[in-house]
Each structure stands twice: as structure tokens, then as C-alpha cells.
Amino acid sequence: MIQLYYGFGKGKTTAAIGAGMRAFGAGMSVLLIQFLKDCNSSEISAVPFKIFKAPEKLPFNPEKKAYQPWVDSALDYAAASNCQMIILDELLDIIQTEEETNRIINILKNKPDTEFIITGHKRLDALFEIADYITCFTKEKHPYDKGVKARKGIEY
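Now for a quick tour of the structure. (Residues numbered from 1 in each chain as written. Predicted model: local features only at pLDDT ≥ 70, side-chain atom pairs only at ≥ 80, totals over all residues. Heavy atoms only, no water.)

With that settled, consider the environment of R123. Within the secondary structure, R123 sits in the loop between strand 5 (115-120) and helix 4 (125-130). Classification of R123 as partly exposed rests on a relative accessible area of 47%. For the pair R123 and A23, spaced 100 residues apart in sequence, the C-alpha to C-alpha distance is 26 Å. Contact partners of R123, with chain neighbours within four places excluded, come to Y6 and F128. (Helix = DSSP H or I, 4+ residues; strand = E, 2+ residues; numbered from the N terminus. Buried < 20%, exposed > 50% of the residue type's maximum accessible area, 1.4 Å probe, protein only. Contact = heavy atoms within 4.5 Å.)

Here you go:
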């Protein structure tokens, strides 16, 4: 099954990791891959399941060209994984071409017994067509709108 958590509201990663914790608690093997986040996201130190580590230093919006080799290795790792649940956090935000979309779809279709959770801000119609669950997180108000920077332990 494919679960999509998208939108500009807070809580997509938290919901995905919560689902991963539930699955792990039920004895399932879980893999977390976080795109567009470096190793400083606080949840990394708390999750008990497998993590494909992001680069040590990564700007919030990395230049795709410099970041692409890591993205390719992360997707290869997901494709080869035998975990029962794979969380692809912020994946929707790094897909820029139809070729990349098709690569993701092939990974998903080649692992029909794997539960995938994919998060991000944007809506990608090709992925939404094949998803089993779609949840939109809508921001109504956020401290960032008033200039408050991301806070450790709350936003990262």
C-alpha cells in the first residue's frame, strides 16, 4: 500500500514516523529515508528502526545537482530493501521530472508487499493516482509566517 502525506501544514514527518513506530511495535521492519534533511533532525536520535543516513551537512534547499548522487543511492537502497515499511520523507519535494516520477513508481510497483509512506509539500498526480491513502496537511497559521525560525525539537 502507498500512503501519501502532503501539504504545507506541520505534522507530515511526525505522522509518518508515528506510523513507523506503530509498525515497528507490531514487529514489522521499518526503514526511514529523509530527503532535504541532514543528520541533525532530532527524530533521528529517537527512532528504533533502520535509517539511511542523509549527508552530514545539507542546506535546507540543496542544489539538486550536488545532491543528486545521494538521492540516487537512497532510492537504490529503498529499491533493494526488504523492510516491510519504507518511509520516504520529503520525497515529493525532490521529484522534478517525469523520469524521476517513473523511477519512483517502478520502485513502488516492484514492491507490492511493502507499505510505503511518502511525504512532502507538492502534489504529484502520477503518484496520487496509484496511492491507497492520501492525507493533506493544511497550514492555517504557523510561527514561521511571523519570522520565527525553526526550533530544535519542534520543527526539526
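Turning next to the nonpolar core. Among the nonpolar cores identified, the biggest contains 32 residues, and I33, F35, W70, L88, L91 and L127 are the most heavily contacted of them. Setting aside chain neighbours within four positions, we find L88 in contact with I33, F35, A78, F116, I117, I118 and T119. Core analysis: the second largest hydrophobic core is formed by 14 residues, V30, M85, I117 and F137 among them. (Core = buried A, V, L, I, M, F, W, Y, C linked by side-chain atoms within 4.5 Å.)

Once that is clear, we can look at the side chain of D89. By secondary structure assignment, the location of D89 is in strand 4 (residues 85-89). With sequence-adjacent residues up to four places away left out, D89 is seen in contact with T13, L32, I33, Q34, F35, K37 and T119.

On the secondary structure map, Y77 appears in helix 2 (residues 64-80). Sequence separation of Y77 and I33 is 44 residues, and the distance between their C-alpha atoms is 9.3 Å. Beyond its immediate sequence surroundings of up to four residues, Y77 is in contact with L31 and F52.

Our focus in this paragraph is helix 3 (residues 98-109). Between its first and last C-alpha, helix 3 extends 16 Å over 12 residues, near the 16 Å set by a 1.5 Å rise per residue. All of the buried residues in helix 3 are E100, T101, I104, I105, I107 and L108. Seen along its axis, helix 3 keeps its buried residues to an arc of 160 degrees; they face one direction. The exposed set on the far side of helix 3, more than 90 degrees from its buried face, consists of E98, E99 and K109. (Expected span 1.5 Å × (residues − 1). Arc of directions from axis to C-beta.)

Another point: helix 1 (residues 12-25). In this model helix 1 runs 20 Å from its N-terminal to its C-terminal C-alpha over 14 residues, within 8% of the 20 Å that 1.5 Å per residue would give. Those residues of helix 1 not exposed but buried are K12, T13, A16, I17, A19, G20 and A23. Seen from one end, helix 1 has its buried residues packed into an arc of 155 degrees, which puts them on one side. Of the exposed residues in helix 1, the ones pointing more than 90 degrees away from its buried face are T14, R22 and G25. Of the residues one or two after helix 1, G27 is the one with positive phi, at around 95 degrees.

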